[in-house]
Amino acid sequence: MLKQLVFSLTLLATLGVFTYSTLRYIKFFRLTRAGFPVKNFGRRFCIMVKVAIGQTKIFRFPFVGLLHALVFWGFCVILFGSIEMIIDGLFGTEKALSLLGPFYNIIMGSGDIFALIIAVSILIFLVRRVFMHIKRFEGIEMKHVSHIDANIALSLILFLMISLLGMNTFYILQQKLISLYAGQIQAGITTSPTEAIVGFYPVSSYFAGLAGNTLTPLTAQVLYQTFWWCHILLIFLFANVLPYSKHFHVFMSVPNVFLSRLDPLGKLANMDNITREVKLMLYPGVSSQASPADAPVERFGVKDAEDVVWKTYFDSLACTECGRCTSVCPANITGKKLSPRKVMMDLRARMKEKGPKMIKIGKDFSDMR
Ligand code: SF4
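Conventions and cut-offs
- Residues numbered from 1 in each chain as written.
- Predicted model: local features only at pLDDT ≥ 70, side-chain atom pairs only at ≥ 80, totals over all residues.
- Helix = DSSP H or I, 4+ residues; strand = E, 2+ residues; numbered from the N terminus.
- Rg over C-alpha atoms; globule rule 2.2 N^0.38 Å.
- Buried ≥ 20, exposed ≤ 12 C-beta atoms within 10 Å, placed from the backbone.
- Contact = placed C-beta atoms within 7 Å.
- Axes fitted to C-alpha atoms, helices over the stretch in contact; angles between N-to-C directions.
- Parallel < 35°, antiparallel > 145°, perpendicular 65-115°, else oblique.
- Left-handed = near helix turned anticlockwise from the far one by under 90°.
- Nonpolar A, V, L, I, M, F, W, Y, C, P; charged D, E, K, R; others polar.
- Near = placed C-beta within 6 Å.
- Core = buried A, V, L, I, M, F, W, Y, C linked by C-beta atoms within 7 Å.
- Domains from an automatic or database assignment.
- Expected span 1.5 Å × (residues − 1).

Asks: Help me out: how do you make sense of the overall build of the chain in this one?
Replies: Looking only at helices and strands, the chain features 14 helices and 0 strands. Since a compact globule built from 369 residues should have a radius of gyration of about 21 Å, the 26 Å found for the chain marks it as more spread out than a globular shape. With the principal axes as the frame, the chain shows a C-alpha extent of 100 × 45 × 40 Å. Here the chain, with 369 residues, has 22% of them falling under the buried criterion. Contacts in the chain between residues at least 24 apart in sequence constitute 75% of all its contacts with a sequence separation of at least 6.

If you want it as C-alpha cells, here you go:
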C-alpha cells in the first residue's frame, strides 16, 4: 500500500512537470505562423510507418543506421514493459499484463534481448562521441554544452537498460530462491524453481545463472525492488529531461515524419500580399481575391523565431544535432559559415529565449535583436 501511494505521488509529479513542458511548447507554437494544412492522413500514415517505424532512411548509413534502428525498435518493445510497471505501481499488482499469455512471453523476451542490444549500441555511440572525434559532431554551433547534453541523454539511456536488466535478473533470482526456500518443489507445488517466474527473460536468466544461489531470498527481493524503482524513476526523469534536451527528438521525430511536406521538393508557397502587388502591377484595375488591399502586410522572410511556420519550429524540436545536413551542405563544405544544423539549433534557442517574453508581454514584444 505504501509503495502504491509513493508511486502514485511520483507519477503525479512526473505528469505535472511533463504537462507544464507540453503547455509551454504549445504556447511557443502559437507564436509561429500558420503553415500548410494537414491533409492526406492515409498517405502520411504510410510514410510514417515506412520512414519512422521502418527506419528506412537511416539505413543509408549501414552500421550506425542499424544500431539506431535497433535502439528505436527496442524502445518500442520495452515501452510495453514500462506500461506494465505503471499498472503494477498504481494497482499493487505483479506482472499485470501476464494475462496476455504467450504474447507476453514474446514481448518480455524481446524486451530483455533489446535491453542488451540497446546498452551495447549506446556504449558504441558514446565511444564514437567521446573518443573518435567524428567530424560531423563538430562545428561552430556545437558548443561544449551540446556535447554534454548528448552524453547525458546517452548515459541516461544506458542506465535505463542496465536497470532494466538488473530488475529482470533479480526478479528471476527472487522467484527462484523464494520457491526453493519455501520448499515448494518438495511439496509438489512447482516442479522447478523456474515455474514461479512469470515471463521469459533469456538475457537476464543468463545473468541470474551467473549469480547462482549465492543470495538469500531477502537480498534478491531487496535488489529486485531497488532496480524496479531505479528503472521507473529513470523513465520518469528521462521523460522530463527530454523536452529540454536535443533528445526531444525521441518524442518529436515520429510525429514530425507524419507531418512531412507532401509537396514536391523546392515548391515555394506564395505570399498573398506579394501576389496581390504583382497582380495589381500586371493587371491594374482587377482586384485580387487572394488578399484584399487592406490586409496587413506580412513580414518578408524570417527575421526572428516567430516568423517561421509552425512546421519549421517542429523540425527544430525534432533535430537531434546529428550534423548530417551540414555534412552534405555544399556551402558548408566549401568553407562558408552556413550550417543547416545551426539554423535549426538557433531557431530552437531563440524561441526559448524570446518566446516566454512574447507570451508574457505580447506578440509584439521586441528585444531589438
Ligand atoms: S536538421 Fe540536420 S542536424 Fe538536425 S537532425 Fe536533421 S540532419 Fe541532423
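Asks: Mind showing me how you'd approach the packing of helix H9 (residues 249–258) against helix H11 (residues 310–318) here?
Replies: The description of two helices packed together rests on the angle between their axes and the distance between the axes. Where H9 contacts H11, the two axes come as close as 8 Å, and the packing angle between them is 135 degrees. Taken together, the axes of H9 and H11 lie oblique to each other. As for the relative orientation of H9 and H11, their crossing is left-handed in sense. The residues of H11 that touch H9, namely those facing His-249, Met-252, Ser-253 and Asn-256, are Phe-314, Asp-315, Leu-317 and Ala-318. Looking at side-chain class alone, the contact of H9 with H11 contains 4 nonpolar, 3 polar and 1 charged residues.

Asks: I would appreciate a short explanation of unusual backbone geometry in the present structure.
Replies: Where the residue is not glycine, phi is negative for most of them; where a peptide bond is considered, it is trans in most cases. Notably, Asn-40 is not glycine yet its phi reads approximately 55 degrees, a positive angle. Relative to the helices and strands, Asn-40 resides in the loop between helix H1 (2–31) and helix H2 (41–53). Overall, Asn-40 belongs to the exposed group, with 11 C-beta atoms counted inside 10 Å. Its identity as a non-glycine residue notwithstanding, His-133 has a phi of 45 degrees, on the positive side. Relative to the elements of secondary structure, His-133 occurs in the loop between helix H4 (102–131) and helix H5 (144–181).

Asks: Sorry if this is basic, but what is going on with the site of the ligand here?
Replies: Every residue lining the ligand is accounted for by Cys-319, Thr-320, Glu-321, Cys-322, Gly-323, Arg-324, Cys-325, Pro-340, Arg-341 and Met-344. Contributing elements (two or more residues each) for the shell around the ligand: helix H12 (324–327) and helix H14 (340–361). The greatest single-element share of the shell around the ligand, amounting to 3 residues, is contributed by H14.

Asks: Is there a simple way to explain the nonpolar core in this structure?
Replies: Nonpolar side chains in soluble globular proteins tend to end up buried together. By size, the foremost hydrophobic cluster in this structure holds 33 residues, and its most contacted members are Ala-115, Ile-118, Met-161, Leu-164, Met-167, Phe-170 and Tyr-224. Secondary-structure elements contributing two or more residues to this core are helix H3 (62–91), H4, H5, helix H7 (202–211) and helix H8 (217–241). Top element by residues in this core is H5. It accounts for 13 residues. With sequence-adjacent residues up to four places away left out, Ile-118 is seen in contact with Val-71, Gly-74, Ile-157 and Met-161. With 15 residues, the next largest nonpolar core counts Phe-248, Met-252, Val-308 and Leu-347 among its residues.

Asks: Help me out: how do you make sense of the domain arrangement of the chain in this one?
Replies: Where interface size is given, it is often the accessible area lost as the parts come together that is meant. For the chain, the assigned domains read domain 1 (40–258) and domain 2 (299–361). The interface of domain 1 with domain 2 comprises 13 residues on the first partner and 17 residues on the second. Of all the elements, H9 adds the most residues to the side of domain 1 that touches domain 2, at 4 residues. Taken together, the residues of the side of domain 1 that touches domain 2 sort by class into 4 nonpolar, 6 polar and 3 charged.

Asks: Would you mind showing me how to read H4 here?
Replies: Residues spaced three or four apart along an α-helix point in a common direction, a consequence of the helix completing one turn every 3.6 residues. With 30 residues, H4 ought to run about 44 Å at 1.5 Å a step, and its terminal C-alpha atoms sit 43 Å apart, in line with that. Turning to H4, its buried residues are Ile-107, Met-108, Ser-110, Gly-111, Asp-112, Phe-114, Ala-115, Ile-118, Ala-119, Ser-121 and Ile-122. With its phi angle positive at about 45 degrees, His-133 sits one or two positions after the end of H4.

Asks: Could you clarify how one ought to interpret the packing of H5 against H7 in this entry?
Replies: Where H5 meets H7, the axes come as close as 8 Å, and the angle between the chain directions of the two elements is 60 degrees. Relative to H7, the element H5 lies oblique. Where H5 crosses over H7, the handedness of that crossing is right-handed. Of H7, the residues touching H5 (which contributes Leu-165, Asn-168, Thr-169, Ile-172 and Leu-173) are Val-203, Ser-204, Ser-205, Phe-207, Ala-208 and Ala-211.

Asks: Can you help me understand the environment of Phe-137 in this one?
Replies: Relative to the helices and strands, Phe-137 resides in the loop between H4 and H5. What makes Phe-137 partly exposed here is the crowd of 17 C-beta atoms within 10 Å. Taking the C-alpha atoms as reference points, Phe-137 and Ile-232, 95 residues apart in sequence, are found 31 Å from one another. Beyond its immediate stretch of four places on either side in the chain, Phe-137 contacts Arg-129, Met-142 and Gly-323.

Asks: Help me understand the environment of Ile-106, please; the structure alone is not making it clear to me.
Replies: Within the secondary structure, Ile-106 is located in helix H4. Since 13 C-beta atoms lie within 10 Å of it, Ile-106 is described here as partly exposed. Through-space distance from the C-alpha of Ile-106 to that of Tyr-201 is 9.4 Å; in sequence the pair is 95 residues apart.

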